[in-house]
Amino acid sequence: MIFASDNWAGASQEVMAALSQAARTDGPAYGADRLTAAVAERFSAIFERDVAVFLVGSGTAANALALAGYARPGGFILAHKDAHILVDEAGAAEFFSGGNRVVGLDAVAGKIAPETLSAALEESPERGVHHGQPVAVSLTQVTEFGVAYRPEEIAALARVARTRGLAVHMDGARFAGAVASLGLAPADITWRAGVDVLSFGGTKNGCLAAEAVIFFDPGHARDFAFARQRAGQGYSKNWFLAAQFDAYLDGGRWLDLARHANRMAALLAGKIAASGTARLALRPDANEIFAILSKATEARLRAEGAAFYPWRADRFAEKPGKDEVLVRLVTSFQISEAEVERFGALLKS
């Protein structure tokens, strides 16, 4: 019953088979191979336009380098205050951008409101040299609270960003879960809504270590290859990253894996809501669930081998009581229905 994180899950069998095949092939180094080119073409087909694609090995590298592409002297990046780039990546975005700050904004369930973004921009007037200059806004899809931005929400934020020339970055570590949940075309929640650059995640959803930075206007990617190489993310045997994405994207596998994780999350949320011993702090859109348990229930679940994380409660409207705790549970493509059923039975026991 591993609900700690989708980072705890392994890799899909198809991805591992593709890596095994890649180990028996060779070709030009540093992304000049045919498989890397084929994966770039596949991404263009998925997003229904020509895109510039750069493969990297981690989500932190994808986020930091994507944002660094828009850095300016005195620049700062706006994100919600629980964004991964602000609290989980050891200042990578600031380091690779040459010191551009990440500024945290209040947000409900991790979703920034247009009014909040507007107010933040008003605090840094265009000719106010002492305030620095905003360069980008970063949105997480799905958010760190497990809810998804709708196209109209992204578009409203993009309109505000455009008033000051900000780039719109999307941290898509769980992008597949958002697409699967919303049932929309990937283009609808990215470039059609105003997103400039996407960190497209694979590692949390079946890949071994594979992420992609996708620029929807290839002109924005002019210097990115140099930044990637300087950061040590220019892999000589790039086809091993490409092989993962080739298998991951083939036949819509990335969405099938995400749909399974989402279905297991919906099943688990139902078990929690019906348990009588726990309750949901937030209704999930994808594969992250936040629940309030009694401390006794938490101890019993852990004793039976369940893995999950305690979570800070001050970000939620629904608060735990004196003898309760708020926890995060994450389902993955590997979680079985039997594991969810056992967890539900333990809640009731």
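Predicted model, so just to flag it, every value in this text is computed and none were measured. Here the residue numbers are simple positions, counted from 1 along each chain's written sequence. Whole-chain, interface and lining totals are the exception, using all residues; otherwise, since this is a predicted model, local features are given only for residues with pLDDT of at least 70 and side-chain atom pairs are given and counted only at 80 or more. The basis for the side-chain values is all heavy atoms of the structure; hydrogens and waters are excluded.

Caption draft 1: Looking closely at the side chain of K111. Put simply, DSSP marks the helices as runs of H or I at least four residues long and the strands as runs of E at least two long, and each gets a number from the N terminus on. Here K111 is to be found in the loop between strand 3 (101-105) and helix 6 (114-122). Here's how the labels work: a residue is buried when its accessible area is under 20% of the maximum for its type, exposed when over 50%, partly exposed in between, all with a 1.4 Å probe on protein chains only. K111 sits in the buried class, given a relative accessible area of 19%. Counting of polar contacts relies on pairs of N or O atoms within 3.5 Å, with two restrictions inside protein: one atom must be capable of donating a hydrogen and the other of accepting it, and residues adjacent in sequence are counted only when both atoms are side-chain atoms. For K111, the side chain forms a polar contact with the main-chain oxygen of A148, separated by 3.2 Å.

Caption draft 2: Representation of the layout of surface pockets within the structure. Buried and open spaces are told apart on a 1 Å grid over the protein atoms alone, a cavity being a set of points where a 1.4 Å probe fits but cannot get out and a pocket being an open set with protein on both sides within 12 Å along at least five of seven lines. Residues with an atom within 4 Å of a point are the lining residues. Grid points are joined across faces, edges and corners, and a volume is the space filled by probe spheres set on the points. In this model, the largest pocket occupies a volume close to 610 Å³. Every residue lining the largest pocket is counted, 34 residues in all, and those nearest its centre are H84, D88, E144, R174 and K204. Secondary-structure elements contributing two or more residues to the lining of the largest pocket are helix 3 (59-68), helix 4 (84-87), strand 5 (167-172) and strand 9 (288-294). A total of four residues in the lining of the largest pocket trace back to one element, the largest contributor, which is helix 3. The class makeup of the residues in the lining of the largest pocket is nine nonpolar, 13 polar and 12 charged. Estimated volume of the second largest pocket: approximately 240 Å³. In terms of lining, the second largest pocket is formed by 14 residues, of which the most central are A22, T25, D33, L35 and W239. Elements supplying a minimum of two residues to the lining of the second largest pocket: helix 1 (13-22), helix 2 (34-47) and helix 10 (239-249). In terms of residue count, the dominant contributor to the lining of the second largest pocket is helix 10 (four residues). Only Asp, Glu, Lys and Arg are considered charged in this grouping, and only Ala, Val, Leu, Ile, Met, Phe, Trp, Tyr, Cys and Pro are considered nonpolar; every other residue, Gly among them, is considered polar. When the residues that make up the lining of the second largest pocket are grouped by side-chain class, the tally is seven nonpolar, three polar and four charged.

Caption draft 3: Representation of empty space enclosed by the protein. Inspection of the entire model under this criterion finds one cavity of 30 Å³ or more. Around the largest cavity, the lining comprises 13 residues; the ones closest to its centre are D6, R174, G177, N205 and N287. Residue assignment for the lining of the largest cavity shows that the elements contributing at least two residues are helix 8 (175-182) and helix 11 (253-274). It is helix 11 that contributes the most residues to the lining of the largest cavity, three residues altogether. For the lining of the largest cavity, the class distribution of residues is five nonpolar, five polar and three charged.

Caption draft 4: A look at the sheet that holds strand 3. When DSSP finds two or more bridges between a pair of strands, those strands are recorded as paired. Strand order in the open sheet formed by seven strands is 1-7-6-5-4-2-3, with mixed pairing between adjacent strands. Taken across any chain shown, the strands that pair with only one partner, and hence form the sheet edges, are strand 1 (52-56) and strand 3. With strand direction ignored, the average angle separating the axes of adjacent strands in the sheet is 20°. As defined by bridge partners, strand 1 adjoins strand 7 (residues 211-215) across five bridges and the pair is classed as antiparallel. Within the sheet, the bridge partner assigned to F54 lies in strand 7 and is V213. The axes used here are C-alpha line fits, helices contributing only the stretch in contact, and every angle between their N-to-C directions lies in the interval 0 to 180 degrees.

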